[in-house]
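Close look at the chain arrangement
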Amino acid sequence: MKSSRIPGFYNMTVEQRRDLLRMALEFSSEEMNDLYINEPLPIETADKMIENVIGTFQLPLGLGLNFLINGKDYVIPMAIEEASVIASASHIAKIVRDAGGFQTEATERIMIGQIQVVGCPDYKKAKQDLLDQKESLIKAANAAYPSIVSRGGGTEDLDVRILNEESDSKYGQMLVLHIYVDTRDAMGANIINTMVESIAPIVEELTKGNVYLRILSNFADKCLARARCVIPPEMLATGDYSGGEVRDGVIHAYEFAASDPYRAVTHNKGIMNGIDPVVIATGNDWRAVEAGAHAYASRHGSYGSMTKWYKDETGNLIGEIELPMSVGTVGGATRVHPLAKLSLSMMDIKSAKELAQVIVAVGLAQNLGALKALATDGIQKGHMALHSRSVAIAAGASGEMIDIIAEKLIEQKQIRVGKAKELVEQYKK
């Protein structure tokens, strides 16, 4: 894709969009077939992915446009059912693009495996015994999954904690060992679970306790991705609102979320509106990403905003986001689901690190889109205008009638299924 800036893309027909995509990305007919067939996930494949399969469940797949991230253009596949999300993210991406684009970075991809031990005769001695055998434990963990070691990854370190050490704790005392694993371009769940399972007997022998849980942690706080944007205030001007007013409204909205968990939950849900669709489209585990992101928003002892918005000394609006991003580009559904493979190809993603950075940039864009709307005309104006088409369909409209009914609902400012049904009946007469 030479540029993610495609004016008028939303006005094209689906076929025109597909043709443009095919030519721009030089996709083969075989690759494009996955966008054309009614069942992009073959039932035979689905039956091997999960249990008790009876069919497949589809979501609309759209493109986030205008994204310029670290100087590279991206068209970003997003699988989501909610109206206005893709439009909002693309709108903000154009503003940020004109301001120089998003700047992103990521830490090393270190995921965590946990082993729980209870019933140790002496917890402090058990902890020290494990630490004394650190190198041999790391070696044993890597021996359980040599293929990740051959790719430059594997267990790099470990530590040990004693939980509920205080005598007045309402929970039983336990020892927890963490291994820190470089999973390279895999999300790493299978790798880590194999490693902790393999060393559990050694841990049990060293601690003289009983091992119970052996599993990865989805709180991937050593696998972070960050995005940042800088926007001159004049680029934010909207309708009757000056750029400075919009900037200040965005900052006040952020400060509300940073101060109040009731607002923070909704604020962060809007961020995940941008993040989850990309995670889903690429075949990654959106529940793991959600859990890690919300836990990270609570890392200082109370639940707060996943983003930060402020102005610099010259008045520019600065936006920042930092989240755990346990995603992969190999393994799992990323290489099994046809549209997941196609989505990664569309973005020309080279590594899991790159994918993580793209995802947080979309989350930052979506957050600004929501805050900008809330600080000006309100969230409902744009959302309900796009939602009107869904309402029309729910009321029984089809074909060209959908747009006609949707426009009538917007004109009459009554975007309700009951009103839409009345209009459908009138149109049929």
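Here the structure is a predicted model, which is why all the values come from computation and not from measurement.

Time to look at the overall build of the protein. In terms of helices and strands, the protein carries 16 helices and ten strands. In terms of principal-axis extent, the alpha carbons of the protein reach across some 80 × 55 × 45 Å. Every one of the 429 residues in the protein was classed for burial, and the buried ones make up 47%. Relative to all contacts within the protein whose residues are 6 or more apart in sequence, the contacts with residues 24 or more apart total 70%. A total of about 21100 Å² of accessible surface is found on the protein, and carbon and sulfur atoms cover 51% of it. Taking the 45 positively charged and 54 negatively charged side chains of the protein as two groups, their mean positions are separated by 3 Å.

What follows is about the packing of aromatic side chains. Applying the stated criterion to the full structure yields two aromatic pairs. The ring of Tyr180 is capped by Lys222, whose NZ or CZ atom sits 5.3 Å from the centre of that ring. Between the NZ or CZ atom of Lys308 and the centre of the ring of Tyr310, over which it lies, the distance is 5.2 Å.

Here we take up the nonpolar core. General note: in soluble globular proteins, nonpolar side chains tend to be found buried as a group. Grouped together as the largest cluster of nonpolar side chains are 57 residues, with contacts concentrated most on Phe67, Ile76, Phe102, Trp309, Leu323 and Met325. With eleven residues, helix H13 (residues 352–375) is the largest single contributor of residues to this core. Ignoring any residue separated from it by four or fewer positions in sequence, one finds Leu323 in contact with Cys223, Leu224, Ala225, Ile275, Ala293, Tyr296, Met306 and Val360. With 32 residues, the next largest nonpolar core counts Ile191, Ile192, Ala200 and Val211 among its residues.

What follows covers the sheet that holds strand E3 (residues 103–106). One open sheet accounts for four strands, arranged E3-E8-E10-E9; its pairing is antiparallel. Across the chains shown, the open sheet's two edge strands, defined by having one partner strand only, are E3 and strand E9 (307–311). Neighbour to neighbour, the strand axes of the sheet diverge by 15° on average, direction disregarded. The pairing of strand E8 (residues 224–231) with strand E10 (residues 317–324) spans eight bridges and is antiparallel. Bridge pairing links Arg228 to Glu320 in E10.

Taken in spatial order, the four strands line up as E5-E6-E4-E7 in an open sheet, and their pairing is antiparallel. With partners counted over all chains shown, the strands left at the sheet margins are strand E5 (154–163) and strand E7 (210–217), one partner each. Put simply, the sheet's adjacent strands are angled 20° from each other on average, direction ignored. Taken together, the six bridges between strand E4 (residues 110–118) and E7 define a ladder with antiparallel strand orientation. The residue of E7 that forms the bridge with Val118 is Asn210. Helix-sheet contacts for helix H5 (residues 123–132) involve E4, E5 and strand E6 (174–182), and the interaxial angle to E5 is about 170°. The sheet contacts of helix H6 (residues 134–143) involve E5 and E6, and relative to E5 the element is tilted by about 125°.

Here the focus is a nonpolar patch on the surface. A grouping of Met49, Ile50 and Val336 is seen on the molecular surface, where their side chains present a nonpolar patch of about 250 Å² in accessible area. Here Val336 shows up in the loop between E10 and helix H12 (338–347).

Working definition: two side chains of opposite charge can pair if their charged atoms are close together. Using the criterion set out here, one finds 18 salt bridges in the structure. For the salt bridge of Glu197 with Arg214, the shortest nitrogen-to-oxygen distance reads 3.2 Å. With Glu197 in helix H8 (residues 189–207) and Arg214 in strand E7, this residue pair connects regions lying 17 residues apart in the sequence. Given a relative accessible area of 30%, Arg214 falls into the partly exposed group. Taking the shortest distance from any N to any O, the salt bridge between Asp248 and Arg247 comes out at 3.0 Å.

Definitions and limits used
Residues numbered from 1 in each chain as written. Predicted model: local features only at pLDDT ≥ 70, side-chain atom pairs only at ≥ 80, totals over all residues. Heavy atoms only, no water. Helix = DSSP H or I, 4+ residues; strand = E, 2+ residues; numbered from the N terminus. Buried < 20%, exposed > 50% of the residue type's maximum accessible area, 1.4 Å probe, protein only. Contact = heavy atoms within 4.5 Å. Areas by Shrake-Rupley, 256 points an atom, 1.4 Å probe, with all protein chains shown as cover. Lys, Arg positive; Asp, Glu negative; His and termini not counted. Charge placed at Lys NZ, Arg CZ, Asp CG, Glu CD. Phe/Tyr/Trp six-rings, centres within 6.5 Å; stacked < 30°, edge-to-face > 60°. Lys NZ or Arg CZ within 6 Å of the ring centre and 35° of its normal. Core = buried A, V, L, I, M, F, W, Y, C linked by side-chain atoms within 4.5 Å. Pairing = 2+ DSSP bridges. Axes fitted to C-alpha atoms, helices over the stretch in contact; angles between N-to-C directions. Patch = residues over 30% accessible without salt bridge, like charges linked within 9 Å, V, L, I, M, F, W, Y side chains within 5 Å. Salt bridge = Lys/Arg side-chain N within 4 Å of Asp/Glu carboxyl O.

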